[in-house]
Amino acid sequence: ERALSAPQVVGGAFSFRFRERSPGLRVIEWGARLRHRWLGLPYGDQALFARREVLERIGGIPATPIMEDLDLVTRLATEGRLARLPLDVHTSARRYRARGLLRTWVRNAGALLAWCLGLDRARVAAWYRR
(Lines give C-alpha, C1' and ligand atoms only; values in the text may rest on other atoms or scores of the structure.)
Protein backbone atom coordinates (compact mmCIF):
# COMPACT_ATOMS: atom_id res chain seq x y z
CA GLU A 1 0.00 0.00 0.00
CA ARG A 2 2.82 2.38 0.84
CA ALA A 3 4.53 1.78 -2.51
CA LEU A 4 1.31 2.48 -4.41
CA SER A 5 0.61 5.63 -2.42
CA ALA A 6 3.10 7.38 -4.72
CA PRO A 7 1.14 8.27 -7.88
CA GLN A 8 4.15 7.73 -10.18
CA VAL A 9 4.40 4.06 -9.09
CA VAL A 10 2.46 1.89 -11.54
CA GLY A 11 3.46 -1.48 -10.13
CA GLY A 12 6.37 -3.44 -8.83
CA ALA A 13 7.65 -6.65 -7.31
CA PHE A 14 8.94 -8.10 -4.09
CA SER A 15 12.36 -9.53 -3.32
CA PHE A 16 12.83 -13.19 -4.05
CA ARG A 17 13.70 -15.95 -1.59
CA PHE A 18 13.52 -19.73 -1.68
CA ARG A 19 11.73 -21.54 1.12
CA GLU A 20 14.55 -24.05 1.15
CA ARG A 21 18.02 -22.91 2.17
CA SER A 22 21.43 -23.84 0.71
CA PRO A 23 24.52 -21.92 -0.43
CA GLY A 24 23.67 -22.55 -4.10
CA LEU A 25 20.13 -21.28 -3.70
CA ARG A 26 21.42 -18.17 -1.92
CA VAL A 27 23.60 -17.42 -4.97
CA ILE A 28 20.54 -17.67 -7.22
CA GLU A 29 18.60 -15.36 -4.87
CA TRP A 30 21.49 -12.88 -5.01
CA GLY A 31 21.47 -13.02 -8.83
CA ALA A 32 17.72 -12.40 -8.92
CA ARG A 33 18.17 -9.34 -6.69
CA LEU A 34 20.89 -7.99 -9.00
CA ARG A 35 18.76 -8.60 -12.12
CA HIS A 36 15.87 -6.80 -10.48
CA ARG A 37 17.99 -3.92 -9.18
CA TRP A 38 20.30 -3.35 -12.17
CA LEU A 39 18.09 -4.34 -15.08
CA GLY A 40 14.67 -3.62 -13.59
CA LEU A 41 13.52 -7.09 -14.67
CA PRO A 42 11.78 -9.00 -11.91
CA TYR A 43 10.32 -12.37 -12.86
CA GLY A 44 6.75 -13.42 -12.15
CA ASP A 45 7.81 -15.49 -9.14
CA GLN A 46 8.61 -12.20 -7.41
CA ALA A 47 4.87 -11.52 -7.01
CA LEU A 48 4.46 -8.79 -9.61
CA PHE A 49 1.72 -6.25 -8.98
CA ALA A 50 0.26 -3.41 -11.04
CA ARG A 51 -2.38 -0.73 -10.83
CA ARG A 52 -5.50 -2.03 -12.54
CA GLU A 53 -6.00 1.09 -14.68
CA VAL A 54 -2.42 0.93 -15.94
CA LEU A 55 -2.69 -2.80 -16.65
CA GLU A 56 -5.86 -2.17 -18.64
CA ARG A 57 -4.26 0.77 -20.48
CA ILE A 58 -1.32 -1.35 -21.66
CA GLY A 59 -3.61 -4.15 -22.81
CA GLY A 60 -3.19 -6.57 -19.91
CA ILE A 61 -0.69 -9.37 -19.60
CA PRO A 62 0.85 -10.20 -22.97
CA ALA A 63 -0.16 -13.56 -24.45
CA THR A 64 3.20 -15.08 -25.30
CA PRO A 65 4.49 -18.64 -24.87
CA ILE A 66 7.28 -17.57 -22.52
CA MET A 67 8.73 -14.51 -20.73
CA GLU A 68 5.39 -12.71 -20.50
CA ASP A 69 6.45 -11.45 -17.10
CA LEU A 70 9.35 -9.51 -18.63
CA ASP A 71 7.12 -8.13 -21.37
CA LEU A 72 4.71 -6.99 -18.68
CA VAL A 73 7.28 -5.21 -16.51
CA THR A 74 8.89 -3.45 -19.49
CA ARG A 75 5.48 -2.24 -20.67
CA LEU A 76 4.57 -1.11 -17.15
CA ALA A 77 7.85 0.78 -16.91
CA THR A 78 6.87 2.89 -19.93
CA GLU A 79 3.88 4.13 -17.88
CA GLY A 80 5.67 5.00 -14.66
CA ARG A 81 7.96 3.76 -11.92
CA LEU A 82 8.15 0.18 -10.69
CA ALA A 83 8.63 -0.26 -6.95
CA ARG A 84 11.18 -2.77 -5.68
CA LEU A 85 9.87 -3.90 -2.32
CA PRO A 86 12.39 -5.16 0.25
CA LEU A 87 9.96 -7.75 1.62
CA ASP A 88 10.64 -11.32 0.53
CA VAL A 89 8.18 -13.45 -1.35
CA HIS A 90 8.97 -17.11 -0.77
CA THR A 91 8.97 -19.61 -3.60
CA SER A 92 9.79 -23.28 -3.91
CA ALA A 93 13.17 -24.49 -5.16
CA ARG A 94 11.53 -27.68 -6.45
CA ARG A 95 12.46 -27.06 -10.08
CA TYR A 96 16.04 -26.21 -9.19
CA ARG A 97 16.34 -29.32 -7.02
CA ALA A 98 14.75 -31.60 -9.63
CA ARG A 99 16.74 -30.34 -12.63
CA GLY A 100 19.89 -29.20 -10.90
CA LEU A 101 20.88 -25.68 -9.81
CA LEU A 102 23.37 -24.97 -12.57
CA ARG A 103 21.29 -26.52 -15.33
CA THR A 104 18.17 -24.59 -14.29
CA TRP A 105 20.11 -21.33 -13.94
CA VAL A 106 21.65 -21.78 -17.42
CA ARG A 107 18.23 -22.52 -18.88
CA ASN A 108 16.75 -19.38 -17.26
CA ALA A 109 19.72 -17.24 -18.33
CA GLY A 110 19.40 -18.58 -21.88
CA ALA A 111 15.71 -17.69 -21.98
CA LEU A 112 16.52 -14.19 -20.69
CA LEU A 113 19.22 -13.75 -23.34
CA ALA A 114 16.80 -14.98 -26.04
CA TRP A 115 14.22 -12.45 -24.80
CA CYS A 116 16.81 -9.65 -24.90
CA LEU A 117 17.75 -10.63 -28.46
CA GLY A 118 14.10 -10.79 -29.56
CA LEU A 119 14.27 -14.43 -30.65
CA ASP A 120 11.13 -16.32 -31.65
CA ARG A 121 9.18 -17.04 -28.47
CA ALA A 122 7.66 -20.32 -29.63
CA ARG A 123 11.10 -21.74 -30.36
CA VAL A 124 12.49 -20.45 -27.07
CA ALA A 125 9.54 -21.96 -25.19
CA ALA A 126 10.02 -25.32 -26.92
CA TRP A 127 13.74 -25.30 -26.05
CA TYR A 128 13.07 -24.20 -22.47
CA ARG A 129 10.47 -26.88 -21.79
CA ARG A 130 12.54 -29.76 -23.24
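Here, the structure is the one placed above.
Everything numeric in this text was worked out from a predicted model, so none of it was measured.

Calculation rules
- Residues numbered from 1 in each chain as written.
- Predicted model: local features only at pLDDT ≥ 70, side-chain atom pairs only at ≥ 80, totals over all residues.
- Heavy atoms only, no water.
- Phe/Tyr/Trp six-rings, centres within 6.5 Å; stacked < 30°, edge-to-face > 60°.
- Helix = DSSP H or I, 4+ residues; strand = E, 2+ residues; numbered from the N terminus.
- Buried < 20%, exposed > 50% of the residue type's maximum accessible area, 1.4 Å probe, protein only.
- Lys NZ or Arg CZ within 6 Å of the ring centre and 35° of its normal.
- Core = buried A, V, L, I, M, F, W, Y, C linked by side-chain atoms within 4.5 Å.
- Contact = heavy atoms within 4.5 Å.
- Salt bridge = Lys/Arg side-chain N within 4 Å of Asp/Glu carboxyl O.
- 1 Å grid on protein atoms, 1.4 Å probe; cavity = no way out; pocket = protein on both sides within 12 Å on 5 of 7 lines; lining within 4 Å.
- Points joined across faces, edges and corners; volume = space filled by probe spheres on them.
- Nonpolar A, V, L, I, M, F, W, Y, C, P; charged D, E, K, R; others polar.

Enquirer: So what exactly am I meant to see when it comes to the packing of aromatic side chains here?
Expert: Describing an aromatic ring pair means giving the distance of the ring centres and the angle of the ring planes. Taken as a whole and assessed by the stated rule, the structure comprises four aromatic pairs. Geometrically, the ring pair formed by Phe-18 and Tyr-96 is edge-to-face, given 5.2 Å between the ring centres and 75 degrees between the ring planes. In this pair, Phe-18 sits in strand E1 (residues 9-18) while Tyr-96 sits in helix H4 (residues 94-99), placing the two residues 78 residues apart along the sequence. For Tyr-96, a relative accessible area of 12% corresponds to the buried category. A network of ring pairs unites the aromatic residues Phe-16, Phe-18 and Tyr-96 as a single cluster. Against the face of Tyr-128 rests Arg-107, its NZ or CZ located 5.9 Å from the ring centre.

Enquirer: What exactly am I supposed to notice about the nonpolar core here?
Expert: The nonpolar side chains of a soluble globular protein tend to be buried, and buried together. In this structure, Leu-41, Ile-66, Met-67, Leu-70, Leu-112 and Trp-115 are the most contacted members of the largest nonpolar core, which totals 13 residues. Those elements that provide at least two residues to this core are helix H3 (68-77), helix H5 (101-117) and helix H6 (121-129). Dropping the residues within four chain positions of it, Ile-66 is found in contact with Arg-121, Val-124, Ala-125 and Tyr-128. With seven residues, the next largest nonpolar core counts Leu-25, Ala-32, Ala-93 and Tyr-96 among its residues.

Enquirer: Even after reading the chapter, I still don't get the pattern of salt bridges, so can you show me in this structure?
Expert: Side chains carrying opposite charge are able to pair once their charged atoms draw close together. Applying the stated criterion to the full structure yields six salt bridges. Arg-21 serves as the salt-bridge partner of Glu-29, at 2.5 Å between the closest nitrogen and oxygen. On the basis of relative accessible area, Glu-29 is assigned to the buried category, the value being 4%. According to the relative accessible area criterion, Arg-21 is partly exposed, its value standing at 32%.

Enquirer: Would you mind showing me how to read the layout of surface pockets here?
Expert: Gaps left between atoms show up when a probe the size of a water molecule is rolled over them. Of the pockets and cavities examined, the largest pocket occupies roughly 890 Å³. Lining the largest pocket we find 32 residues, and of these Arg-35, Tyr-43, Asp-45, Tyr-96 and Asn-108 sit closest to its centre. Elements with a contribution of two residues or more to the lining of the largest pocket: E1, helix H1 (23-39), H3, H4, H5 and H6. In the lining of the largest pocket, the residues fall into 19 nonpolar, six polar and seven charged.

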